[in-house]
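# Descriptive analysis of the structure
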Amino acid sequence: MNAAYEKLLGGRSGALGLLVMAVLLLVVFPLTMDMFRLNLVGKYLSYAFVAVGLVLCWGYGGILSLGQGVFFGLGGYCMAMFLKLEASDPISTKIQSTPGIPDFMDWNQITALPAMWEPFHSFAFTILAVLVVPTALAMLIGLAMFKRRVGDVYFSIVTQAIAAILSILIIGQQGLTGGVNGITDLKTLMGWDIRTDHAKLVLYFVNAGLLFGCILFGRYVLGSKLGRLLVAMRDKEERVRFSGYDVASFKVFVFCAAAMFSAIGGAMFTLQVGFMSPSFVGIVPSIEMVIFAAVGGRMSLLGAVYGTLLVNFGKTYFSETFPELWLFLMGGLFIAVVMYFPNGLAGLWQTQGKRLMDKLRGQSKPVAPVAAEAAKPVSRASTPEPKRDGIEPGATLEASK
Amino acid sequence: MSENAIGFESDAHPVLAIEDLTVSFDGFKAVDKLNLYVQRNEVRVVIGPNGAGKTTVLDLICGKTRATSGSIKFNNHELTKMSEHAIVRVGVGRKFQTPSIYENLSVFENLEMSFPRGRKVFGALTFKRSPDVVARVEAVAAEIFLDQQLHTQADLLSHGQKQWLEIGMLLMQEPELLMLDEPVAGMSVSEREKTAELLGRISQGRSVVVIEHDMDFVKSIAHKVTVLHQGKILAEGSMEKVQSDPKVIDVYLGH
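Residues numbered from 1 in each chain as written. Chains lettered and ligands numbered in written order. Predicted model: local features only at pLDDT ≥ 70, side-chain atom pairs only at ≥ 80, totals over all residues.

### Section: the overall build of chain A
- Secondary structure assignment for chain A yields 17 helices and two strands.
- In chain A, once contacts between residues fewer than 6 apart in sequence are set aside, the share between residues at least 24 apart is 79%. (Helix = DSSP H or I, 4+ residues; strand = E, 2+ residues; numbered from the N terminus. Contact = placed C-beta atoms within 7 Å.)

Written out as structure tokens, the structure reads:
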């Protein structure tokens, strides 16, 4: 129990950060926002899955994927296919020339349901597909790239190319995928109308719960030896390799984990927003997701969530007020983060926020905050560990908003 | 085996047997038909001028560079066909020329990272710092003179201590063959002496191959010296014999 507390919650400060976020997402937002706004936050939180995955694979693993939209999209499409089939029962589609198939297929003169759609009649299969299809693709890409030691910027370029390829493929196969419009007009999940306010509220909480699950899993990974190996690999790959580790297999693992997180986010996006389209698959959304993680702090799982929320609130506000300026603002924000706050909001909180908190408390503590941190036994086992540069998995971020 | 080693038994089964090893980079033969045999309990020092192929030989043994032809046999394993991590797992440890340690981890964690358990993905996820791991780390730390710095962050160590730490990380793997590329570079005189003593101790029960330029240090540790020149062996034997060899004096020691 105690070990789980230390490992998953990251000790006292980690648990506190998690608690603050839980109160914010599960109590403050639902109480203060109307359903429209809350649904919007739910949509943002579905992007946060991608950002949390990027903290693992980019922040800690050093693998910058510019194609996370691929996995977000695949997860979303798998879910959308199930919902679309349910919405396309023969009665409600009786005006089509072929009733019982999705409307866009009918518009494309398709007369029978394509074989790849068949299994999506089953909800169990759909859940499995959401989890397995994107992860399997990530594994394939990972094995092909990392076993051949393709890394750094080359890997980023390849992932970006894959994002472009997949979005072009989806748009091109109109009869199979709904083309550029995507899969729209989704109504019910096993008979339960997902368009009602009540359903949106339930889905919001399910989404938030799953997000916390991913954060906890991320903490477990980063707290294990595998987490230390990731950082070691990022800084001294050769040394890790010549210590008897198959470096590629660890990279594949963390890339797959990030892909699976993204896929869960994609599926939850579809459920909450009611459609899925190629505009969430391509290069632009993939890069936007990297910006979420960068702004929040690529070394902080919680920071990534705050970053996602903040950038998206900003996007909604500014794109309503100054639509032409938004893209420049977003670009500027990214450059500013990279140049001045490489660890994002979480890094800012680590260096500035804690100092501020100490000031607010009055100078009751004679020691500097960093020294106090170092003196406190923080380790998981019997031995104390030094404070590292960068942000610990247990980093708190409670006041960064 | 044309020549018998001095000071220890030389049986028909050397731990490491390199035969006809050649590697060519775009036609340039960095190592050219090299034959080298290392016995158990032996400390072998490889010397030679810059560009002689010393580091390349270590790279070939540990799999960092692939041989063009020839064979490297280590306890019946043909290393030229194995991946780097597999070579480590059969018992070959290699220290790099510049200290290669994890600077933002503590000495303890650096050593723990090399503990030969939890080397696969799921093993690493479930790896626990059990008492035997702690005991082993403490034993190795004492061996490399770092038992007082166990919880110091590694980038705060002196250059010499970093060199020892990397040797310690290799010892954690209990290798049968230890390869050290310039282990005393940048060390003070007293650190050199301690390193010589350390090498004497850790060569018990294993073989050590060292690349070194410091002749006094070589004298103090070597059982046998191999002089490389342009990818070929120029001379091999005891330090005295090699030092008095006119060819060696001409290409290397004389300058």
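### Describing the packing of helix H9 (residues 197–223) of chain A against helix H14 (residues 301–321) of chain A
Residues and elements named next belong to chain A.
- In contact at an axis separation of 9 Å, H9 and H14 are set at 145° when each is read in the N-to-C sense. Across the interface between the two elements, Leu 211, Ile 215, Gly 218 and Arg 219 of H9 pack against Leu 301, Leu 302 and Val 305 of H14.
- Of the residues assigned to the contact of H9 with H14, the class counts are five nonpolar, one polar and one charged. (Axes fitted to C-alpha atoms, helices over the stretch in contact; angles between N-to-C directions. Nonpolar A, V, L, I, M, F, W, Y, C, P; charged D, E, K, R; others polar.)

### Comments concerning the interface of chain A and chain B
- Contact residues are listed per partner, giving 28 residues for chain A and 29 residues for chain B.
- Sort the elements by how many residues they give to the side of chain A that touches chain B and helix H10 (residues 225–235) of chain A lands first, with six residues.

### What about the environment of Phe96(B)?
- Take Phe96(B): it is sitting in the loop between strand E6 (92–95) and helix H3 (107–113).
- Here the alpha-carbon distance between Phe96(B) and Pro183(B), two residues 87 residues apart in the chain, equals 8.4 Å.

### Section: the domain arrangement of chain B
Residues and elements named next belong to chain B.
- Per the domain assignment, the segments of chain B are domain 1 (1–91 + 175–255) and domain 2 (100–174).
- Domain 1 and domain 2 are separated by 26 Å when their C-alpha centres are compared.
- Counting residues at the interface gives twelve residues for domain 1 and ten residues for domain 2.
- Counting residues per element, the ones that place at least two in the side of domain 1 that touches domain 2 are strand E7 (177–181) and helix H7 (189–202).
- The leading source of residues in the side of domain 1 that touches domain 2 is H7, at four residues.
- Split into classes, the residues belonging to the side of domain 1 that touches domain 2 amount to eight nonpolar, two polar and two charged. (Domains from an automatic or database assignment.)

### Some details on the packing of helix H6 (residues 123–146) of chain A against helix H12 (residues 247–273) of chain A
Residues and elements named next belong to chain A.
- Taken N-terminus to C-terminus, the directions of H6 and H12 make an angle of 150°; their axes are 8 Å apart at the nearest point. Judged by the inter-axis angle, H6 sits roughly antiparallel to H12. When the axes of H6 and H12 are compared, the crossing they make is right-handed. Contacts between H6 and H12 involve Val 130, Leu 131, Pro 134, Thr 135, Ala 138, Met 139, Gly 142, Leu 143 and Phe 146 on the former and, on the latter, Ala 248, Lys 251, Val 252, Phe 255, Cys 256, Ala 259, Met 260, Ser 262, Ala 263, Ile 264 and Ala 267.
- Taken together, the residues of the contact of H6 with H12 break down into 16 nonpolar, three polar and one charged. (Parallel < 35°, antiparallel > 145°, perpendicular 65-115°, else oblique. Left-handed = near helix turned anticlockwise from the far one by under 90°.)

### Considering the nonpolar core
- The biggest cluster of nonpolar side chains holds 176 residues, and the ones touching the most others in it are Ala51(A), Val52(A), Leu54(A) and Val55(A).
- A total of 19 residues in this core trace back to one element, the largest contributor, which is H12(A).
- Lining this core are residues from two domains, each supplying at least three of them: domain 1 (1–91 + 175–255) and domain 2 (100–174) of chain B.
- Leave out the neighbours within four places in its chain, and Ala51(A) touches Met289(A), Phe292(A), Ala293(A), Gly296(A), Ala304(A), Val305(A), Gly307(A) and Thr308(A). (Core = buried A, V, L, I, M, F, W, Y, C linked by C-beta atoms within 7 Å. Buried ≥ 20, exposed ≤ 12 C-beta atoms within 10 Å, placed from the backbone.)

### Some details on helix H3 (residues 35–60) of chain A
All names here are of chain A.
- Counted at 1.5 Å a residue, the expected span for H3 with its 26 residues is 38 Å, and the 36 Å between its end C-alpha atoms agrees.
- By the largest-angle criterion, Leu 54 marks the main kink of H3, which is about 35°.
- Judged by how many residues are buried, H3 sits mostly within the fold: 19 of 26 residues are covered. (Expected span 1.5 Å × (residues − 1). Bend = angle between axes of the 7 residues up to and from the residue.)

### Topic: the pairing of E6(B)
Residues and elements named next belong to chain B.
- Burial of E6 is two-sided: the residues Val 92 and Arg 94 facing one way and the residues Gly 93 and Lys 95 facing the other way are all buried.
- Of the pairings in the sheet, the one linking E6 to E7 comprises four bridges and is parallel in character. Pairing of Arg 94 across the sheet is with Met 179, part of E7. (Pairing = 2+ DSSP bridges.)

### Considerations on the sheet that holds strand E1 (residues 16–25) of chain B
Residues and elements named next belong to chain B.
- The strand order across the open sheet formed by four strands is E2-E1-E4-E5, and the pairing between neighbours is antiparallel. If you trace the sheet from one side to the other, it starts and ends with strand E2 (28–38) and strand E5 (77–78), each paired once.
- Bridge count between E1 and strand E4 (residues 69–74): five bridges; the pairing is antiparallel. Counterpart to Glu 19 in the pairing with E4 is Ser 71.
- This element, helix H1 (residues 54–62), spans E1, E2 and E4 of the sheet and lies at about 70° to E2.

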